[in-house]
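# Chains, contacts and geometry: an overview
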Amino acid sequence: MTAKPPRFEFRCWPDAVDAHVGRLERRLAFGDAEARTDIYLLAPGRTDLMPKLRGGTVLELKARLGTWGLLERWHPVVSDPFPLSAPSLTLLAGLFPDADTSACASPDCLREALAGAADIRHVRKTRRKHTKNGLRAENTRAECDGRVHASLAFECEDAGQLDGEIHALGLAGMANCNYAAALRDPSLFGFEHRQAERRF
């Protein structure tokens, strides 16, 4: 489990990303690029909980507590390596009642158990991060099912600070679209795209 505090988040997927990245990097200092693959375990009909296997190995789950203007407030409630703790297994059982996850001792075992209950999406991320004064920002290239999109994301425990940064960067007119929403959005990585692929 995890004891991290809730935080406000904003993620957008701009088409003309280069102009925004240039403005972002003039304002904030970013580190070197890093890459990993996260495996999202999307539960049908649930937009308030976002479970994933971080780097394919650690179960993470965060819960959306609500919104504040442009921002979403998320609480990281699970960050659990395998074998999973009893509280994590209880959360999974509630989220996926039709799957037996009680004996899942590895990420592969969990994916097999959820194969018929979750939409399992592998997202390859290459990103550069900025962290200073309580603000975390990232410039990410995300790839899933052969589709690639750029994303800019920000998080902070202080809603006012984050809202001010988003306005200063000229991003306030864009939709806040978290990964779970992006993976369901047909214009990004969504289900209609995957269903069309299966017909051929």
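What this report covers is the structure whose coordinates are included nearby. (Residues numbered from 1 in each chain as written. Predicted model: local features only at pLDDT ≥ 70, side-chain atom pairs only at ≥ 80, totals over all residues. Heavy atoms only, no water.)

The strands making up a sheet associate through backbone hydrogen bonding, with each pair oriented either parallel or antiparallel. In space, the eight strands of this closed barrel follow the order β1-β5-β4-β3-β2-β6-β7-β8, with antiparallel pairing throughout. Ignoring which end each strand starts from, the neighbouring axes of this sheet average 35° apart. Where helix α4 (residues 159-168) meets the sheet, its contacts fall on β1 (7-12), β4 (58-68), β5 (71-80), β7 (135-144) and β8 (147-156), and the angle it forms with β1 comes to roughly 20°. (Pairing = 2+ DSSP bridges. Helix = DSSP H or I, 4+ residues; strand = E, 2+ residues; numbered from the N terminus. Axes fitted to C-alpha atoms, helices over the stretch in contact; angles between N-to-C directions. Contact = heavy atoms within 4.5 Å.)

The next subject is the nonpolar core. Across soluble globular proteins, nonpolar side chains have a tendency to be buried as a group. Residues Leu41, Leu53, Leu59, Phe96, Leu110 and Leu114 are the most contacted members of the largest nonpolar core, which totals 21 residues. Of all elements in the fold, only β2 (34-42), β4, β5 and α2 (86-95) reach the threshold of two or more residues within this core. Here the element with the most residues in this core is α2; it accounts for three residues. If sequence neighbours within four positions are ignored, Leu41 has contacts with Pro51, Lys52, Leu53, Leu59, Phe96, Leu110, Leu114, Ala118, Asp119 and Ile120. Listed in part, the 19 residues of the second largest apolar core include Phe10, Val17, Leu135 and Leu169. (Core = buried A, V, L, I, M, F, W, Y, C linked by side-chain atoms within 4.5 Å. Buried < 20%, exposed > 50% of the residue type's maximum accessible area, 1.4 Å probe, protein only.)

What follows is about the pairing of strand β6 (residues 119-132). Pairing analysis gives nine bridges linking β2 to β6, with the strands arranged antiparallel. Bridging across to β6, Asp38 finds its partner in Val123. As defined by bridge partners, β6 adjoins β7 across nine bridges and the pair is classed as antiparallel. Among the inter-strand pairings, Thr131 is bridged to a residue of β7, identified as Arg136. In sequence, β6 turns back onto β7 through a hairpin of two residues, with Asn133 there showing a positive phi of about 55°.

Next up on the list: the pattern of salt bridges. Side chains bearing opposite charge may pair, as long as their charged atoms lie close to each other. For the coordinates displayed, the defined rule picks out 21 salt bridges. Asp119 is the partner of Arg121 in a salt bridge, and the nearest nitrogen-oxygen pair spans 3.4 Å. Across the pair, exposure class does not vary: Arg121 and Asp119 are buried alike. Each of Arg7, Glu9, Arg11, Glu34, Lys62, Arg127, Lys129, Arg136, Glu138 and Glu155 takes part in one network of salt bridges that share partners. (Salt bridge = Lys/Arg side-chain N within 4 Å of Asp/Glu carboxyl O.)

If you walk through the whole model with that rule in mind, you get four aromatic pairs. A ring pair is formed by Phe8 and Trp68, whose centres lie 6.4 Å apart and whose planes are at 65°; its orientation type is edge-to-face. One end of the pair, Phe8, is in strand β1; the other, Trp68, is in strand β4, and 60 residues separate them in sequence. The class for Phe8 is buried, based on a relative accessible area of 11%. (Phe/Tyr/Trp six-rings, centres within 6.5 Å; stacked < 30°, edge-to-face > 60°.)

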